[in-house]
Structure formats: structure tokens, C-alpha cells
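# Analysis of the macromolecular model
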Amino acid sequence: MRDAWGFFELAVMDAEPATSGPAGLIARLRAKLSGGSSEASLTRRLAGTIFIIRVVSAGLAYFSQVLLARWMGTSDYGIYVYVWTWVLLLGSMMDFGISASAQKIIPEYRTSGEHALLRGFLSGSRWLTFAASTLMSLGLAGIVKLLSPWIDPAEVLPLYIGCMTLPAFVVANTQDGIARSHDWMQLGLMPQFIIRQALIIGITASAFLLGYHLGAVAAMVASLGAVWIAMTGQMVVLNRKLAGHIAPGPKAYDVGGWLAVSLPILLVESFYLLLSYTDVLVLQQFRPSDEVGVYFAVVKTLALVSFIHYAMSATTAHRFAEYNAAGDKARLSAYVAHAISWTFWPSLAATIVLLALGKPLLWLFGPQFVVGYDIMFVAAIGLVVRAAIGPVERLLNMLGQQKMCALAYALAFVMNVVLCIALVPRYGGHGAAAATSISLSFETVLLFWIVRQRLGLHVLAFGK
């Protein structure tokens, strides 16, 4: 049981001096309680930091949405949510996958001593994503202009503002990847998940208290300002930290190499986003809006489980690349086992707690949402199954298996679409949850098989 929970002694990761007697026992206990200084302990602390940031961010996001809905009214709020959703979806894909591939490229440059390429990537990747996203945003603004006769007039200006938001959003994602590659998790995540949300609340609240009309345009202007301010502050701090961490010198640029690594990862991220939204989108097409609302509340309630997976993925990816670049197979295998254990067992515990408290948690959304309680059990199956192999999609991406990982996600996405279309019309939210859980289970088996065949690693939280 000790190994299963991840508190094993990894000789290649957590080497400790051989001590005996009360003094040695106290020293080891103090090391455990303080988290130690090893890579395994560092991973747990960083993952815990990311998890806390995501939970606080979720609370702020929920609070801000409640305030905006109350201040703006149904119509304006609906327009704002529509435009902001486009910003989130497009902004997550317009960096060409560089925010994720940074966790592979930076450790490899660092390990191989290619300092000129490293310096070039740290600055060039941000200029590349900024220039590309700016051009694409101008193109999107042109599309809005062409389609304006057929677009609701109240949506046109907010859509233009959304286009202005995208470049800063994309650069912030890129800086997030760079920061995480140096274990600067707070710098990578807090500007986007905490500071940006707080700024949106602060700016809109100030406008409301000063008596300004808070419509969709004003809310998008507040979001525009929040994104640009958070990104600029993040850039200033990141540049200062990099200046003290990376020696100055010449820069070299391998844009073709960066894109060769990043674009397959972009496919993985894109299919993951599509897989995440398919159930809700199909449900909207076939079932009444009240069922969609109940299902969405169930998904949001179970999001805590996904945060654990996200935290470990964000923490471990660059170390997978680093150990692989160094050719240290034993260290990589031990670290993968540690990451999987610390994904699965906390996810299982969180799922049990959420299912036990499911009814009162759903009641917080409103008494009518409690009818979705049994859907939680169906939806939880897929999350637990996926957690059993930990962040292996990042492992595949970091070890040059991006195309196989993208193929696995694409097949799972197609399966999810087919199952949702088959099950949702008859079974509603239960069908959507079943389709997603089956698809996630299929994806898990496929990824397990790929890692076993391509990398020769065992990636289950239990067994050998």
C-alpha cells in the first residue's frame, strides 16, 4: 500500500544518506513533513500549488460569472459568454502548440548545452506567437466585418474587442509554458487564472459602482484590459527571472524545428478540447435547455478531479523531456510511476468525496439540479479510468510520440461524437455521460497500449 500511494523510496530520485537511530528517524520524519528537497517531493509541492491555483481560479470564475449575470442582465450576459467562449477556444489553439512544446524544447536545449537556441526560443517563441496571432486576429476581424449583415448588431462590437484580446491571450499561454519549464508554476498560472479573474471583477465592479451601464461591450472591454495587463505584468517578471537564470549571449532560431514539434501537440490539444465540449454541444442539439443546465452543473462539480490530472500534467511534462534527453531510462521510469500514483490515488479519493457530497453540492446550483446526482456516477467512471494512467499524454508528447497521441485523441473524439449522437436523444444527460466515459476509457486503453509498445513502460497505477 505504501508503494501504491506514491510514498515509496525512489533510489534514482530520492537518495538519502543511510542513517540509523532516533536522530536518523527524526531527520527522515522532518524531511517527509517538510516535503524534502528531492525531485519527487518537489513535484508533489508544485502539483499541489497548481491544484490550489486552479481551485481558487474556479471559485473566482464562478463568483465573477454570478456578478456579471446579475449586473448585465440575461441578453448582454449571453452575448458576453458567447464572445468570451470564442476567445478561450481560439486563444488556446493560436499558439501552434508552442505553450505545450516549450516543456519539451527548453529541457532538451538545456540538457544538450545548446544555449544559443535556448535564448532564441525564449524570446523568439513569444514574438512568433504574437505576430501570428495578431495576423489571425486581423483576419478574424475581417470575417466579422464581412458577416456583419448576418450577425446580431449587438454582437459585432464585442466580437471586434474579442479579436483585440486574442494576441495577449496567446502570448500569456506561451509565457505560461516557458515559466512551467523552469518550475515557476505561480508565475506561469497566477496571471491567467487568478490575477486576470480578479482584474475582471475589479474593473466591472468599479464601472458598476460608478454608475456606468454594464453591457456586453463594457464587460468585453474589462476582459480586454484584464488580459493585456496580466500578460504584460507576467512578461516583465518573466524577463527579469530569465535574465538571472540564463547567461546573456548570441541567439539562434529554429522556427521550423519548433513547429515540427509543436503542431502535432496542437492536434492533441485541439482534439482534447473538442472531446471536452462534445457532450455539452450534442446535448444542446437534442435535449431541452434545463437538461443541459443540469448536466453542466454535474460536469462543473466533478471538475475537481480533472484539476488533479491537470496539476500533475503541468508539473511533470518538462521533466519527462529532461530525463529522456539525458538518456536516463531508470530515472524516467521511476518518475513516471511516481506521477501516475500521484494522479490516480488523489483522483480516486476526490471522486469518492464528491460522490458522497454530490446532492448538497448540486443543490448549491439550485434545488432542481439535484436530479443530476445519478449522472455523476456515470460521468465519474471515465475520469477515474483516465486517472489510472496519469499524465501519459504529456509523456508521449515529450518523448516524440506526438502523432500517435494525436491519433489516439482523434479516435476517442470520433467515438464520443458517434456515441453522443446515438445515446443523447434517448437518454439525455445519462447518455452524454455514458458516451464520454466510454470514450475516455477507450482513450485510456489506447494510450496504455501505445506507451507499452513504443516506450516499453508500464503506466498503470497498479500492477506491473
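So, how was this worked out
- Each chain carries its own residue numbering, running from 1 in the direction its sequence is written.
- Local features in a predicted model are, by the rule used here, given only for residues with pLDDT of at least 70; side-chain atom pairs are given and counted only at 80 or more, and totals for whole chains, interfaces and linings are based on all residues.
- To get the side-chain values, take all heavy atoms of the structure and skip hydrogens and water.
- UniProt positions are given in the numbering used here, feature names are shortened, and annotations may be inferred rather than shown by experiment.
- Where helices and strands are cited, they refer to DSSP runs of H or I of at least four residues and of E of at least two residues respectively, numbered from the N terminus.
- The contact definition used throughout considers only heavy atoms, calling two residues in contact when any of these lie within 4.5 Å.
- To obtain an axis, a line is fitted to C-alpha atoms, over the contacting stretch when the element is a helix, and the angle between two such axes runs from 0 to 180 degrees between their N-to-C directions.
- Angle categories are assigned with fixed cut-offs, so that under 35 degrees is roughly parallel, over 145 is roughly antiparallel, 65 to 115 is roughly perpendicular, and the rest are oblique.
- Each helix crossing is assigned a hand: it is left-handed if the near helix lies turned anticlockwise from the far helix by less than a right angle, otherwise right-handed if that turn is clockwise.
- Residue classes follow a fixed rule: Ala, Val, Leu, Ile, Met, Phe, Trp, Tyr, Cys and Pro count as nonpolar, while Asp, Glu, Lys and Arg count as charged, and any other residue, Gly among them, counts as polar.
- In these notes, a set of buried Ala, Val, Leu, Ile, Met, Phe, Trp, Tyr and Cys residues joined through side-chain atoms within 4.5 Å is what counts as a nonpolar core.
- Three labels apply to residues, based on accessible area from a 1.4 Å probe with only protein chains included: buried if under 20% of the type maximum, exposed if over 50%, partly exposed otherwise in between.
- An automatic or database domain assignment is the source of the domain bounds shown.
- Exposure above 30% relative accessible area and the lack of any salt bridge qualify a residue for a patch; like charges then connect within 9 Å, and the nonpolar side chains Val, Leu, Ile, Met, Phe, Trp and Tyr within 5 Å.
- Where accessible areas are quoted, they stem from the Shrake-Rupley method and a 1.4 Å probe; at the residue level, only the protein chains shown are allowed to cover.
- Salt-bridge detection follows one rule: a side-chain nitrogen of Lys or Arg within 4 Å of a carboxyl oxygen of Asp or Glu.
- Here, expected helix span is obtained from the residue count minus one, scaled by 1.5 Å.
- For a residue, the bend is simply the angle between two axes, fitted respectively to the seven-residue segment ending there and the seven-residue segment starting there.
- Between 30 and 60 degrees the pair is tilted, below 30 it is stacked and above 60 it is edge-to-face, where a pair is any two Phe, Tyr or Trp rings, Trp via its six-membered ring, whose centres lie within 6.5 Å.

If you check an unreviewed UniProt entry, the protein appears there as Flippase from Bradyrhizobium niftali. The UniProt entry for the protein carries the following text under Subcellular location (unreviewed entry): "Cell membrane".

Here we come to the side chain of glutamine 234. Inspection of the secondary structure assignment puts glutamine 234 in helix α8 (residues 216-245). When residues no more than four places from it in sequence are discounted, the contact partners of glutamine 234 are Ala172, Gln175, Asp176, Leu187, Gly188 and Pro191.

Packed helix pairs are characterised by how far apart their axes lie and by the angle those axes make with each other. Helix α6 (residues 153-180) packs onto helix α4 (residues 98-112) with a crossing angle of 25° between their chain directions and a minimal axis gap of 7 Å. Taken together, α4 and α6 sit at an angle that is classed as roughly parallel. In the packing of α4 onto α6, the handedness of the crossing is right-handed. On α6, the residues that touch Ile98, Ser99, Ala102, Gln103 and Ile106 of α4 are Asn173, Thr174, Gly177, Ile178 and Arg180. Of the residues contributing to the contact of α4 with α6, the split by class is 4 nonpolar, 5 polar and 1 charged.

Moving on: the nonpolar core. In terms of nonpolar packing, the biggest core is built from 54 residues, with Phe121, Phe320, Val336, Leu395, Leu447, Val451 and Val459 touching the most fellow members. For this core, the element with the highest residue contribution is helix α12 (residues 329-356), accounting for 7 residues. In this structure, this core is formed jointly by two domains, domain 1 (63-253) and domain 2 (274-463), each of which donates at least three residues. For leucine 395, the contacting residues outside a window of four places in its chain are Phe320, Leu332, Val336, Val451, Leu455, Leu457 and Val459.

A few words on the packing of helix α7 (residues 185-209) against α8. Where α7 meets α8, the axes come as close as 8 Å, and the angle between the chain directions of the two elements is 145°. As for how α7 packs across α8, the hand of that crossing is right-handed. Facing Leu187, Gly188, Pro191, Ile195, Arg196, Leu199, Ile200, Ile203 and Thr204 of α7, the residues of α8 in contact are Ala222, Ser223, Ala226, Val227, Ile229, Ala230, Gln234, Val237, Leu238 and Lys241. Class assignment for the residues of the contact of α7 with α8 results in 13 nonpolar, 4 polar and 2 charged.

Side chains of Ile143, Leu146, Leu147 and Trp150 sit close together on the surface and give an oily, nonpolar patch of about 500 Å² of accessible area. Looking at the secondary structure, you find isoleucine 143 in helix α5 (residues 115-147). The class of isoleucine 143 is partly exposed, set by a relative accessible area of 44%.

The tally for this structure, following the rule as stated, stands at 2 salt bridges. Of the charged contacts in the structure, one is a salt bridge between glutamate 108 and lysine 104, with a shortest N-O distance of 2.8 Å. Of the two residues, glutamate 108 and lysine 104 are both situated in helix α4; the distance of 4 residues between them amounts to about one turn of the helix. On the accessibility criterion, lysine 104 (7% relative accessible area) is buried. Across the pair aspartate 176 and arginine 180 runs a salt bridge whose closest N-O atoms are separated by 2.9 Å. Taken together, the residues aspartate 176 and arginine 180, both in helix α6 and 4 residues apart, mark about one turn of the helix. Taken individually, aspartate 176 and arginine 180 each receive the classification buried, so the pair is uniform in this respect.

A word on α7. Across its 25 residues, α7 extends 35 Å between first and last C-alpha, which sits within 8% of the 36 Å expected from 1.5 Å per residue. A bend of about 50° at proline 191 is the largest found in α7. Phi turns positive, to about 90°, at glycine 211, one or two residues after α7.

So, about the side chain of serine 123. Here serine 123 is to be found in helix α5. Apart from residues no more than four positions distant in its own chain, serine 123 is found in contact with Lys251 and Tyr253.

What follows covers the packing of aromatic side chains. What the rule picks out here adds up to 8 aromatic pairs. Between phenylalanine 121 and tryptophan 258, the aromatic rings sit 5.1 Å apart at their centres with planes inclined by 85°, giving edge-to-face as the arrangement. With a gap of 137 residues between them, phenylalanine 121 in helix α5 and tryptophan 258 in helix α9 (residues 255-286) connect regions that are remote in the sequence. Judged by centre distance (5.8 Å) and plane angle (75°), the ring pair of phenylalanine 320 and tyrosine 335 falls under edge-to-face. Separated by 15 residues along the polypeptide, phenylalanine 320 in helix α11 (residues 303-325) and tyrosine 335 in helix α12 bring together distant segments of the chain. Judged by relative accessible area, which is 0%, tyrosine 335 ranks as buried.

This part takes up the environment of leucine 166. Along the chain, the position of leucine 166 falls in helix α6. Its relative accessible area of 2% is what places leucine 166 among the buried residues. Taking the C-alpha atoms as reference points, leucine 166 and threonine 134, separated by 32 residues in sequence, lie 7.6 Å from one another. Setting aside residues up to four positions removed in sequence, leucine 166 forms contacts with Val87, Leu90, Gly91, Met94, Ser137 and Leu140.

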